[in-house]
Amino acid sequence: MNLRIASYEEYQEKYQHSVNDPEEFWSDIAQTFLWKEPWTNTLNWNFTEPKITWFDGGKLNITENLLDRHLETRGDQVAFFWEPNEMDADGKTITYRELHAEVCKLSNAMRGLGVEKGDRVCIYMPMILESIVAILACARIGAVHSIVFAGFSSNALADRINDAQAKLVITSDGLNRGNKKVDIKTMVDEALLSCPSIEHSIVVNCTHSNPEMKSGRDVWYNEIMEGQPTTCEAETMDAEDLLFILYTSGSTGKPKGVVHTCGGYMVYTSYSFQNVFQHEQGDVFWCTADIGWITGHSYIVYGPLLAGATSVIFEGIPTYPDAGRFWQICEKYKVNQFYTAPTAIRSLMGHGLEVVNKYDLSALKVIGSVGEPINEEAWQWYFDHIGKKNCPVVDTWWQTETGGIMLSGLGNLSPMRATHAGYPLPGIQPVLLDGDGNEIHESEQEGYLCIKFPWPSILRTTYGDHERCKNVYFSNYDNYYFTGDGAKRDANGMYRIIGRVDDVINVSGHRFGTAEIEDAINTNKYAIESAVVGFPHDIKGQGIYAYVVVDPSKMDDQDTIIASVMDSVSKGIGKIAKPDKIQLVSGLPKTRSGKIMRRILRKIAEGEKSNFGDTSTLLDPDLVIEIVENSI
Ligand code: PRX
């Protein structure tokens, strides 16, 4: 079960093995798990359809691997320390044995509600232990979970429920976030007005807000758990059966449901977790992500539990009650591996060192970064003041679609270079392509980051629309998986991620499609048309700049219009997607063929006043002058 590589030389050997004989390499690793029946075919693949299967014919249940398998050896070991939002409130701990019992109880309860293998279950929940139980109960009975980040609006939630045709939603009455309480049950109630596939909702009593419970549909979590047996037979799943759907944004259209399957995802998340964080038995791991994002799925839930780790899960936010909260938690639980996002580091840096130095961070061994490029200043601060210059920073590059970490140092084994994600994990074969699809072999060249061979946790499809999966990821370059990112490789072969090369923007590590935000803006009664671009933002990495076309005769009431547009985005997507800047304009710069020249809008958002390159194809060049003059 110990899958940890112990030296850089061993990494190099393993890497070579994984390229020379990927099937043997992954087969050896997969064999360390518990299978009900062995697989017959390690890998089948083509990137044309695409069709990728790993461990085909194998039968398993992932929860037996992350719970039952541990009961004998570490049943009484803590699986999670739950740290509540309020610093002086009592936390909770749950051992592997207790977690197993809770998961079994909820599995039985869900079966009692008629949830069966293959049914989709939406989870819209805070960062509480019941959320972990809910996720694992789905996996235990073979239901496909679709977790929706609880910051998304009721409209966004309804879209995701309807796309997946979910039968059950698991939620809570509310959630605590810093000094705010949010009634998320109300959001669910609103969403369910347009979700006919939902038969029931299970509601955890988290904030005691006493919500209205719809008779026949809503049931309280604690009531439905009462008297349930603490064992539950785990459903037998094929390696390629769906484990979960997770919606993520792309360049066009509505967010798509990325599909991950049971066998490959299990093998890869466990392997990558143990190696990147160099996690040893007895260590305490803390990933600060939300369970609603892929980082939470892979490195709060599946990776650590598969490895039998003890983790921290935190309900609150980094700045409540003050900017020392993360460090106080690290001290309290003697966290050994800490994993967070650059946006959190940048925002905490601004609060000075007093709130850091108050706490004992000496247990830290590895500190990680994820979600967006980490700038040099943030990297250095993290390394100097959190890692105290003796913890490696693992800058982990990956995506919802990749399921697990793809490029990263492995704890303190690998060479490290600030702002560079570094080397590929064993089994990962990255390449940089030029605009014509040729592989770039020289160093220090920028190219499109693609992957040329499948790894076990690569996405299998986009739910209900395989064609979209093919078009977005496998059609830009024949026989390559296209990541949507640009990258550079240095003379030592280390990768540095430049950022997205498509119309996806990354705001505080959250991914949004510009088209998705435009769609939300265009529902506004004042908006005739809009264009959204990203711009560099000191804390968030990228900010959202929206150009909204309104009737010039209404321009004098700008504040009302802007507030109303903000509201449309909050309702359409959620507060997390609210533009940082909204500029009301009389028109958008378009080519004669009607295409918006986003390149110019991006430059204006970056503060550029002239030098827009070739503008000869513009329909109305004066418009650019107007937009520049009024830019924010
Ligand atoms: O642009 C890359 C950026 O985040 C994108 C993936 O977003 P998402 O699917 O939401 O997953 C985020 C968490 C894995 C990527 O295409 N990204 C992620 N990690 C890094 C990064 N950019 C630079 N460095 C990273 N370490």
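Residues numbered from 1 in each chain as written. Predicted model: local features only at pLDDT ≥ 70, side-chain atom pairs only at ≥ 80, totals over all residues. Heavy atoms only, no water.

1. Focus on the overall build of the protein
Okay, step 1: Looking only at helices and strands, one finds 19 helices and 30 strands in the protein.
Okay, step 2: Since a compact globule built from 632 residues should have a radius of gyration of about 26 Å, the 24 Å found for the protein is in line with a globular shape.
Okay, step 3: Taken over the C-alpha atoms alone, the protein extends approximately 75 × 60 × 55 Å along its principal axes.
Okay, step 4: Within the protein, the fraction of its 632 residues that count as buried is 62%.
Okay, step 5: Of the contacts formed within the protein by residues at least 6 apart in sequence, a portion of 72% connects residues at least 24 apart. (Helix = DSSP H or I, 4+ residues; strand = E, 2+ residues; numbered from the N terminus. Rg over C-alpha atoms; globule rule 2.2 N^0.38 Å. Buried < 20%, exposed > 50% of the residue type's maximum accessible area, 1.4 Å probe, protein only. Contact = heavy atoms within 4.5 Å.)

2. Things to note about the nonpolar core
Okay, step 1: Grouped together as the largest cluster of nonpolar side chains are 118 residues, with contacts concentrated most on Phe 80, Leu 99, Leu 106, Met 110, Leu 136, Phe 277 and Tyr 302.
Okay, step 2: The biggest single contributor to this core is helix H5 (residues 129-141), with 10 residues.
Okay, step 3: Every residue in contact with Tyr 302, bar those within four places of it in the chain, is listed here: Ile 62, Leu 66, Ile 135, Leu 136, Ala 139, His 145, Leu 243, Tyr 265, Thr 269 and His 297.
Okay, step 4: Within the second largest apolar cluster, 41 residues are counted, among which are Ala 158, Ile 198, Val 532 and Met 555. (Core = buried A, V, L, I, M, F, W, Y, C linked by side-chain atoms within 4.5 Å.)

3. Section: the packing of aromatic side chains
Okay, step 1: In the structure shown here, the tally under the stated rule is 47 aromatic pairs.
Okay, step 2: Taking the centre distance of 6.0 Å and the plane angle of 40° together, the rings of Tyr 11 and Tyr 15 count as tilted. Highlighted residues: Tyr 11 and Tyr 15, both in helix H1 (residues 8-20), separated by four residues, approximately one helical turn. Here Tyr 11 and Tyr 15 have matching classes, each one buried.
Okay, step 3: Here Phe 149 and Phe 152 contribute two aromatic rings whose centre-to-centre distance is 6.1 Å and whose plane-to-plane angle is 85°, an arrangement assigned as edge-to-face.
Okay, step 4: Of note, Lys 92 hangs over the ring of Trp 82, and the distance from its end group to the ring centre comes to 5.2 Å.
Okay, step 5: Against the face of Phe 152 rests Arg 160, its NZ or CZ located 4.3 Å from the ring centre. (Phe/Tyr/Trp six-rings, centres within 6.5 Å; stacked < 30°, edge-to-face > 60°. Lys NZ or Arg CZ within 6 Å of the ring centre and 35° of its normal.)

4. What about the pattern of salt bridges?
Okay, step 1: Enumeration over the complete set of coordinates arrives at 29 salt bridges.
Okay, step 2: A salt bridge links Glu 372 to Arg 346; the shortest N-O distance between them is 2.8 Å. Taken together, the positions of Glu 372 in the loop between strand E19 (366-370) and helix H14 (376-386) and Arg 346 in helix H12 (residues 342-349) put the pair 26 residues apart, joining distant regions of the chain. With respect to burial, Glu 372 and Arg 346 carry one shared label: buried.
Okay, step 3: Via salt bridges that share partners, Lys 185, Asp 189, Arg 217 and Asp 218 belong to a single interconnected network. (Salt bridge = Lys/Arg side-chain N within 4 Å of Asp/Glu carboxyl O.)

5. Observations concerning the domain arrangement of the protein
Okay, step 1: Under the domain assignment used here, the protein contains domain 1 (10-369 + 376-393) and domain 2 (508-629).
Okay, step 2: Every contact between the two is made by 19 residues of domain 1 and, on the other side, 18 residues of domain 2.
Okay, step 3: For domain 1, the biggest contributors to the area lost against domain 2 are Ser 249, Thr 343 and Arg 346; these three give 34% of the whole.
Okay, step 4: Linking domain 1 with domain 2 are zero salt bridges.
Okay, step 5: Counting the contacts that link domain 1 with domain 2 gives 11 residue pairs in polar contact (both at pLDDT 80 or more).
Okay, step 6: Elements supplying a minimum of two residues to the side of domain 1 that touches domain 2: helix H6 (154-164) and H12. (Domains from an automatic or database assignment. Buried area = accessible area lost by both parts, 1.4 Å probe. Polar contact = N/O pair within 3.5 Å; in protein donor to acceptor, adjacent residues only side chain to side chain.)

6. Some words on unusual backbone geometry
Okay, step 1: The residue after Glu 49, namely Pro 50, is reached through a cis peptide bond having omega -10°.
Okay, step 2: Within the secondary structure layout, Pro 50 lies in the loop between strand E1 (41-46) and strand E2 (51-56).
Okay, step 3: Backbone torsion omega between Tyr 320 and Pro 321 reads 0°, so that peptide bond is classified as cis.
Okay, step 4: Within the secondary structure, Pro 321 is located in the loop between strand E17 (310-314) and helix H11 (325-333).

7. Quick look at the site of the ligand
Okay, step 1: Close contacts around the ligand come from 17 residues, with Thr 396, Thr 400, Asp 485, Arg 500 and Arg 511 the closest.
Okay, step 2: The contact in question runs from a nitrogen atom of the ligand to an N or O atom on the backbone of Gly 371, over 3.1 Å.
Okay, step 3: At a separation of 2.7 Å, a nitrogen atom of the ligand approaches a polar backbone atom of Thr 396.
Okay, step 4: Classifying every residue of the shell around the ligand gives six nonpolar, six polar and five charged. (Near = heavy atom within 4 Å. Nonpolar A, V, L, I, M, F, W, Y, C, P; charged D, E, K, R; others polar.)

8. A short note on the pairing of E2
Okay, step 1: Alignment of E1 against E2, held across five bridges, turns out to be antiparallel. Counted as the bridge partner of Asn 44 is Thr 53 from E2.
Okay, step 2: The antiparallel hairpin formed by E1 and E2 contains four residues in its connecting segment. (Pairing = 2+ DSSP bridges.)

9. What to know about the sheet that holds strand E24 (residues 481-489)
Okay, step 1: Read across the sheet, four strands follow the order E21-E22-E24-E25 without closing on themselves; strand pairing throughout is antiparallel. For this open sheet the edge positions go to strand E21 (430-433) and strand E25 (495-500), each flanked by a neighbour on one side alone. Shown here is a sheet whose adjacent strand axes are inclined to one another by a mean of 45°, direction ignored.
Okay, step 2: Alignment of strand E22 (residues 446-451) against E24, held across five bridges, turns out to be antiparallel. Its bridge partner lying in E24, Gly 447 is registered against Ala 487. (Axes fitted to C-alpha atoms, helices over the stretch in contact; angles between N-to-C directions.)

10. A closer look at the packing of H6 against helix H7 (residues 184-192)
Between two packed helices, the angle of one axis relative to the other and the distance separating the axes together describe the packing.
Okay, step 1: Interhelical geometry of H6 versus H7 gives an angle of 55° and a closest axis separation of 8 Å. One element, H6, and the other, H7, form an angle in the oblique class. Two packed elements cross with a definite hand, and for H6 against H7 that hand is right-handed. Here Ser 154, Leu 157, Ala 158 and Ile 161 of H6 lie close against H7, whose contacting residues are Met 187, Val 188, Glu 190, Ala 191 and Leu 192.
Okay, step 2: Looking at the contact of H6 with H7 residue by residue, the classes come out as seven nonpolar, one polar and one charged. (Parallel < 35°, antiparallel > 145°, perpendicular 65-115°, else oblique. Left-handed = near helix turned anticlockwise from the far one by under 90°.)

11. Things to note about the sheet that holds strand E7 (residues 144-147)
Okay, step 1: One open sheet accounts for eight strands, arranged E12-E11-E8-E6-E7-E14-E15-E23; its pairing is mixed. Both outer strands of the open sheet, strand E12 (218-220) and strand E23 (461-462), are each paired with one neighbouring strand and no more.
Okay, step 2: The pairing of strand E6 (residues 120-124) with strand E8 (residues 168-172) spans four bridges and is classified as parallel. Directly across from Val 121, in E8, lies its bridge partner Leu 168.
Okay, step 3: The strands that H5 touches are E6, E7, E8, strand E11 (200-204) and strand E14 (242-248); relative to E6, the one it contacts most, it runs at about 170°.

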